[in-house]
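Descriptive analysis of the structure
Listed below are the residues making up each chain.
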Amino acid sequence: MTEIKAFCSRCGVEVEPHKSKCPLCGTSIQHTDEEEPTSYIKKYPDEPAVKTEKEGRTAKQKRRLIWEVTSVSLLIPLLITLFIDLIVNKTVTWSLYPISSLILAWFVISAPLLFPNKLPILYIGETLPPAIFLLVIDKIEDGQIDWLLPVGLPIEAVVAVIAAIVIIGSIKIKNKGMNIAAFILFGAGLICLGIDFIVTSHINGTFGVSWSLYVIASTIVIGGFLLYIHYRLMKNIKLQRKLQI
Amino acid sequence: MNSSDFQTIKTVDESNQNHKQKAQKEDWFRLDNAATVFSFVTSARIPCMFRLYANLKTPINVSILQQALENIITRFPYYKVNLRNGLFWSYWETNSGMPIVIEETKYPCKKMPIRKKGIFPFRVRAYYNRVSVEFHHSITDGTGALIFLKSLVGEYLNLTGISVSDWQDIFRSDQEPHNEEYDDAFKKNYQKYLPGPPRVSKAFHLPYKLEPKGVYHLTIGIMLIKQMLNKAKELNVTLTEYLIAVYLEALQNILFSFPIKKQKRLLKPIRLMVPVNLRRFFPSKTMRNFSLYVTPNIDPRLGHFSFDEILEQVYHYMRVEVSDRYISQQIARNVRGELHPLIRVTPLFIKRLFGKIIYNGQGEFLYSGVITNLGKVSLTEPLNSEIEDIQFLSAPSPVTKTGCAVNSFGEKLFINFGRTIKETHVEKLFFRRLVKDGIKVRIETN
């Protein structure tokens, strides 16, 4: 039996006999009746290339729903405090504090729910709103910006950087356990050190730390102990390959 | 080369030797330079998987193929591994499991969860009369994968009753792996004081929307190798140079087919990535990665190039650039980065975060397409008579969007285009040029 051949009149290439269109340009392939191919083995099996979506909500839809519910839940106390303030004082006074706190909470919650996989947006979403919140609080106190620049923002920067390192490190590290608790302790100790440094420097006008030394010493000892327990109890630990530089 | 260069090579060589010994003794070894980059960037969009496949003349018996795989894997201990994370670097650890032959899928080269415990950096698929091996680029290049496929097919056919008297270069399960097969050949050939290659700008990319993740369309052009070689000879170029020129011309024609406003936005050099097997220049038995690339290009900002002009440019470029000196510069740049003390002590998760940025800066964003020629593939008789063909498929890319892998088997030349977009313009223009040049082309797809 001779092999049936089919050609594309535009591209000039031979195509597989069962093709009705040229795979390059889409031109119809003319088959004569007697040449019509009957059966062939497919080069690749048919199967969905992309998993069909499961019934029900996708992860994205679920996150969106949680975000909506949370937004409404935060809006209720916000409106209640605003209306009470307006009814009692005929103007917005003390309610600015809870309102700004609720708006801050909304931003902080929204970022991971709306942009879970976009690290830069997530990071900005978690660090920029607290900075603006501090600015608002500082401003509504007496209409001036007093402590924001020397104290507020530096403390926020310290917390943001250390928290990011601890969170990313904890997510990435294998063999999670007491080592995570140790990292959180170390992070907390460093944050205390940073806060102490910033506050002491601001109050005394000279660089120095005081009370945080007790905290950092305790966290190093306890964190170190937790790490020792964690890695001592890990079975078959192969340090050489894990720590290769 | 001065004495310090020799010293560097010797030191790296000694260090490499130490790691090799460790690998055999301690069942783990470090990733090579290319492997590190591929391990950082791998994702569903950039699976870093390439495929080699053999179509046999008879349907595959999966249980015999499984037995062949189990027999042959002992000859390739450096592939029987699992990628593990250290604090500073990833490493390959011996995988105590056994790889299993799995079913074919509609689209090849799908993502492999390379960091998952127990996962091998390759997979073997069977479908009717086809055996496919898909390798993650972090474990080896086309040369290593081809030797593995040939050994697997050889063992399979042997188990089905085909007796072979002379196995030639096909690895056998009863052989001991050579120590050099474990080599990190990049480090072995690293010359510390060589300057890095000049930086290049970003290249033109096809402005088409990507298909969903995992979709990889194949367009295979089959033709007689003799016709192609004659054509290349007529033009006084090599077959690879001819194909590069055809590919560049296709991309150029696509660029100039857009309206002027869009053209201006897209107007960047058209540059191809052409992998070069470094074993040609630096003798090595390594079965791990040992290939880098040259980048023939045209700059459409200088105007439209005729095919003859493209061919001339490619011809001269390849004569100059495909040399051990220029390739050594790339090795120096890549390995120098890896050996930098600051980079070495940076925790792995931070390296991975920056890995993608580096890849975007130095990787595929600099190229408009990929064309890789594996050359003539052949086993030994009587195995060749049992095989219809062996073909090669490059890794999917969301950046270049099309890639082209070329090899010949017997009398035929196979040009496998893979694409992650719907549009077939590159393939259409490419094969139409071949037809125009008098080549008879048969097209197959998945």
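The written sequence of each chain sets the order in which its residues are numbered from 1. By the order in which they are written, chains take letters starting at A while ligands take numbers starting at 1. Given that the model is predicted, a residue must reach a pLDDT of at least 70 before its local features are reported, and side-chain atom pairs must reach 80 or more before they are shown or counted; all residues, however, enter totals for whole chains, interfaces and linings.

**Structural notes on the domain arrangement of chain A**
Its domain assignment divides chain A into domain 1 (1–43), domain 2 (60–146) and domain 3 (156–233). Computed from C-alpha atoms alone, the centre-to-centre distance between domain 2 of chain A and domain 3 of chain A is 28 Å. In this entry, domain limits derive from an automatic or database-based domain assignment.

**Brief notes about the interface of chain A and chain B**
This entry defines residue contacts through backbone-placed C-beta atoms, with two residues in contact when those atoms are within 7 Å. Listed by partner, the interface residues are 26 residues for chain A and 34 residues for chain B. In this description a helix means any DSSP run of H or I spanning at least four residues, a strand means any run of E spanning at least two, and both kinds are numbered starting from the N terminus. Taken together, the elements giving at least two residues each to the side of chain A that touches chain B come down to β2 (14–15), α4 (148–172) and α7 (239–242) of chain A. Gly is put with the polar residues, along with every residue not named as nonpolar or charged; the nonpolar set is Ala, Val, Leu, Ile, Met, Phe, Trp, Tyr, Cys and Pro, and the charged set is Asp, Glu, Lys and Arg. Residues that form the side of chain A that touches chain B fall into these classes: 14 nonpolar, three polar and nine charged. Two strands pair when backbone bridges link them, and β2(A) and strand β16 (residues 442–445) of chain B are joined in this way by two bridges, in the parallel orientation. What sits directly across from V15(A), in β16(B), is I443(B). Whether two strands pair comes down to DSSP finding at least two bridges between them.

**Brief notes about the sheet that holds strand β3 (residues 81–85) of chain B**
Backbone-to-backbone hydrogen bonds pair the strands of a sheet. The strands run either parallel or antiparallel. All names here are of chain B. Read across the open sheet, the three strands follow the order β1-β4-β3; overall the sheet is antiparallel. Of all strands in the sheet, those with a lone pairing partner are β1 (28–30) and β3, marking the two edges. Within this sheet the neighbouring strands show an average axis-to-axis angle of 30°, counted without direction. Two elements, β3 and strand β4 (residues 90–94), share five bridges in a ladder whose sense is antiparallel. Paired with R84 across the bridge in β4 is Y91. Interaxial angles span 0 to 180 degrees and are taken between N-to-C directions of axes, which are lines fitted to C-alpha atoms, for helices over the stretch in contact.

**Remarks on the packing of helix α7 (residues 239–255) of chain B against helix α9 (residues 307–321) of chain B**
Angle between the axes and distance between the axes are the two parameters that describe a pair of packed helices. Residues and elements named next belong to chain B. Contact geometry of α7 with α9 gives a least axis separation of 9 Å together with a crossing angle of 130°. As summarised for this structure, α7 and α9 are arranged oblique, according to the angle between their axes. With respect to the hand of their crossing, α7 and α9 are arranged in right-handed fashion. Residues E241, I244, A245, L248 and E249 of α7 pack against F307, I310, L311, V314, Y315 and M318 of α9. Here the contact of α7 with α9 is composed, by residue class, of nine nonpolar, no polar and two charged. Any angle from 65 to 115 degrees is called roughly perpendicular, while one under 35 is roughly parallel, one over 145 is roughly antiparallel, and all others are oblique. Crossings are assigned a handedness: left-handed for a near helix turned anticlockwise from the far helix by less than a right angle, right-handed for a clockwise turn.

**A closer look at the pairing of strand β13 (residues 387–393) of chain B**
Residue and element names in this part refer to chain B. Counted residue by residue, β13 has five buried out of seven residues, so it is predominantly covered. Taken together, the six bridges between strand β2 (residues 49–56) and β13 define a ladder with antiparallel strand orientation. Bridge pairing links A54 to I390 in β13. Around each residue's C-beta, the other C-beta atoms within 10 Å are counted; 20 or more make the residue buried, 12 or fewer make it exposed, and counts in between make it partly exposed. All C-beta atoms are placed from the backbone.

**Side note on the domain arrangement of chain B**
Residue and element names in this part refer to chain B. Domain boundaries in chain B define domain 1 (3–188) and domain 2 (217–445). The C-alpha centroid of domain 2 is placed 23 Å from the C-alpha centroid of domain 1. With 58 residues of domain 1 at the interface, the matching set in domain 2 holds 44 residues. Of all the secondary-structure elements, those providing two or more residues to the side of domain 1 that touches domain 2 are α2 (33–41), β2, α4 (142–159) and α5 (185–188). Looking at the side of domain 1 that touches domain 2 element by element, the count peaks at nine residues for α4. By residue class, the composition of the side of domain 1 that touches domain 2 is 32 nonpolar, 14 polar and 12 charged.

**Side note on α7(B)**
Given a helix with a known number of residues, its expected span is that number minus one, times 1.5 Å. Given a rise of 1.5 Å per residue, 17 residues ought to cover 24 Å, and the 25 Å separating the end C-alpha atoms of α7(B) matches this to within 8%. Counting buried positions over the 17 residues of α7(B) gives 14, a clear majority of the element.

**Details of the packing of helix α3 (residues 119–142) of chain A against α4(A)**
Residue and element names in this part refer to chain A. Direction vectors running N to C along α3 and α4 enclose 160°, while the axes themselves pass 10 Å from each other. Regarding the angle of α3 to α4, the classification is roughly antiparallel. Both α3 and α4 take part in a crossing whose hand is right-handed. Contact with α3, carried on its side by Y123, T127, P130, A131, L134, L135 and D138, involves L148, G152, L153, E156, A160 and A164 of α4 and no other residues of that element. For the contact of α3 with α4, the class distribution of residues is nine nonpolar, two polar and two charged.

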